[in-house]
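A look at the structure
Next come the chains, spelled out residue by residue.
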Amino acid sequence: MRPHTGPDDWREANRARWDERVPLHLESDHYDHEGFRRTRDAIRPFEAAEVGEVTGRSLLHLQCHFGQDTLSWLHRGASRVVGLDFSEPAVDAARGTAAELGHDTDRASFVAADVYDAAEAVPDDSYDIVYTGIGALNWLPDVVRWAETAASLVAPGGFLYLAEFHPLCDALDDTTGSRVVHDYFSRDAWVEETSGTYTDFDAPTVHNRAVEWQHPIGDVVSAVAATGLRIEFLHEHDMTLFQRFGALERGDDGFYRLPADRPRVPLMYSLKATRPA
Ligand SMILES: C[S@@+](CC[C@H](N)C(=O)[O-])C[C@H]1O[C@@H](n2cnc3c(N)ncnc32)[C@H](O)[C@@H]1O
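Residues numbered from 1 in each chain as written. Predicted model: local features only at pLDDT ≥ 70, side-chain atom pairs only at ≥ 80, totals over all residues.

1. Focus: the overall build of the protein
A tally of helices and strands in the protein yields 8 helices and 12 strands. For the protein, the C-alpha radius of gyration of 18 Å lies close to 19 Å, the compact-globule estimate for 277 residues. Based on the C-alpha atoms only, the size of the protein along its principal axes is roughly 50 × 45 × 40 Å. Looking at the protein as a whole, 36% of its 277 residues are labelled buried. Within the protein, counting contacts between residues at least 6 apart in sequence, those at least 24 apart form 72% of the total. (Helix = DSSP H or I, 4+ residues; strand = E, 2+ residues; numbered from the N terminus. Rg over C-alpha atoms; globule rule 2.2 N^0.38 Å. Buried ≥ 20, exposed ≤ 12 C-beta atoms within 10 Å, placed from the backbone. Contact = placed C-beta atoms within 7 Å.)

As structure tokens, this is what we get:
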């Protein structure tokens with residue numbers, strides 16, 4: 001596999017961008033952090049169904065942002081959760097929310113570290129569930145190294161669960177989502193300077209450089225399979241979580257889909273891979 005290419009400052013640029021966006025996201029309708037403190041749950045129904053029962057299991061969340069999903073799994077019964085993110089402000093916010101909700105650090109802890117350093121950075125050798133995704137892999141240049149890192153943290157009898165935006169979306173036009181306008185197989189970084197953020201496109205921001213990569217489904221599945229984990233499923237979904245294309249319509253369930261009279265393409269995917277006991 002040809003390695004992905006990109007500028008050397010990808011990590012610093014992306015971290016500065018994310019650090020600046022944490023307070024904006026905390027105040028946003030999108031994350032509704034006030035509501036989260038009440039409902040204590042941000043997990044999408046398809047994830048809950050696919051992950052299954054978490055009661056009594058330990059869970060590591062890679063690229064946890066400010067911990068809403070991480071803490072949701074705790075509220076759904078996980079015995080202990082650990083969130084990891086390279087953004088200090090995100091980790092600080094996650095720790096603050098955990099403390100406000102009455103969780104001590106034995107039950108919910110958060111670590112500031114790069115995902116590639118996760119094995120050295122997290123407090124335990126392994127976890128029953130390693131959970132990640134929803135806009136995570138696109139920030140990483142090397143999906144093989146990501147898979148090796150994530151798999152190394154899965155305990156015997158445990159699993160890795162990934163839910164992501166489908167890479168086919170990166171190849172389609174923004175308006176209709178039906179014309180191929182970019183190379184699906186590109187290994188070159190997308191480097192963009194865009195102010196604002198997905199929770200507020202008009203927000204005035206200064207750290208606007210973003211370095212991202214596409215990871216075709218085949219690369220992701222092959223990378224996970226090569227770690228020795230057993231792939232239990234790869235699901236492709238006809239819905240997504242935001243207005244990815246102008247043509248998408250928001251359904252009563254809050255998810256976005258192409259109109260019923262249009263041929264569908266996958267907009268998200270999810271994967272579960274287990275380590276035998
Ligand atoms: C879109 S968020 C992940 C989705 C999360 N579930 C949420 O709350 O929306 C992406 C996260 O990845 C983190 N991130 C990006 N690159 C990273 C890296 N190399 N190591 C660790 N975290 C990283 C960012 O700080 C950000 O919090």
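2. Quick look at the nonpolar core
Ranked by internal contacts, the top residues of the largest apolar core, which has 55 residues, are Leu59, Ile129, Val130 and Leu160. A per-element tally of this core places strand 5 (residues 154-165) first, with 7 residues. Residues in contact with Ile129, not counting those within four places in the same chain, are Val51, Val54, Arg57, Leu59, Gly158, Phe159 and Tyr161. (Core = buried A, V, L, I, M, F, W, Y, C linked by C-beta atoms within 7 Å.)

3. Points about the UniProt feature "domain: Methyltransferase type" (unreviewed entry) in the protein
Per the UniProt entry, the sites bearing "domain: Methyltransferase type" (unreviewed entry) are residues 60-160 in this numbering. Between the first and last C-alpha atoms of residues 60-160 the distance is 10 Å; the span itself is 35% helix and 28% strand. (UniProt positions renumbered as here; feature names shortened; annotations may be inferred.)

4. Remarks on the sheet that holds strand 4 (residues 127-133)
Judged by pairing direction, the sheet is mixed, and its 7 strands sit side by side in the order 3-2-1-4-5-12-8 without closing on themselves. Looking along the sheet, the strands with just one partner apiece sit at the ends: strand 3 (108-112) and strand 8 (230-237). Pairwise comparison of adjacent strand axes, ignoring direction, gives a mean angle of 15 degrees for this sheet. Sheet topology places strand 4 next to strand 5; 6 bridges connect them, and they run parallel. Following the sheet pairing, Tyr131 is matched in strand 5 by Tyr161. Packed onto the sheet, helix 4 (residues 68-75) meets strand 1 (58-62), strand 2 (80-85), strand 3 and strand 4 and runs at close to 175 degrees relative to strand 2. Across the sheet, helix 5 (residues 88-100) is in contact with strand 2 and strand 3; its angle to strand 3 comes to roughly 170 degrees. (Pairing = 2+ DSSP bridges. Axes fitted to C-alpha atoms, helices over the stretch in contact; angles between N-to-C directions.)

5. A look at the sheet that holds strand 9 (residues 239-240)
Strand order across the open sheet formed by 3 strands is 9-11-10, with antiparallel pairing between neighbours. With partners counted over all chains shown, the strands left at the sheet margins are strand 9 and strand 10 (249-250), one partner each.

6. A look at the site of the ligand
Near the ligand, the surroundings consist of 18 residues, among which Trp18, Gln63, His65, Phe86 and Gly135 are the closest. Those elements that provide at least two residues to the shell around the ligand are helix 1 (10-26) and helix 4. When residues of the shell around the ligand are assigned to their parent elements, the largest contribution, 3 residues, is made by helix 1. Broken down by class, the residue content of the shell around the ligand amounts to 8 nonpolar, 6 polar and 4 charged. (Near = placed C-beta within 6 Å. Nonpolar A, V, L, I, M, F, W, Y, C, P; charged D, E, K, R; others polar.)

7. Notes on unusual backbone geometry
The phi torsion at Gln63 lies on the positive side, around 60 degrees, for a residue other than glycine. Looking at the secondary structure, you find Gln63 in the loop between strand 1 and helix 4. On the basis of neighbour count, Gln63 is assigned to the buried category, with 25 C-beta atoms found within 10 Å. Phi angles above zero are rare outside glycine, and His65 is one such case at about 50 degrees.

8. So, helix 4
With 7 of 8 residues buried, helix 4 is to be regarded as a mostly interior element. Along helix 4, the residues classified as buried are Gln68, Asp69, Thr70, Leu71, Ser72, Trp73 and Leu74. On the buried face of helix 4, the contacting elements are helix 2 (33-39), strand 1, strand 2, helix 5, strand 3 and strand 4. A positive phi of about 120 degrees marks Gly77, the residue just after helix 4.

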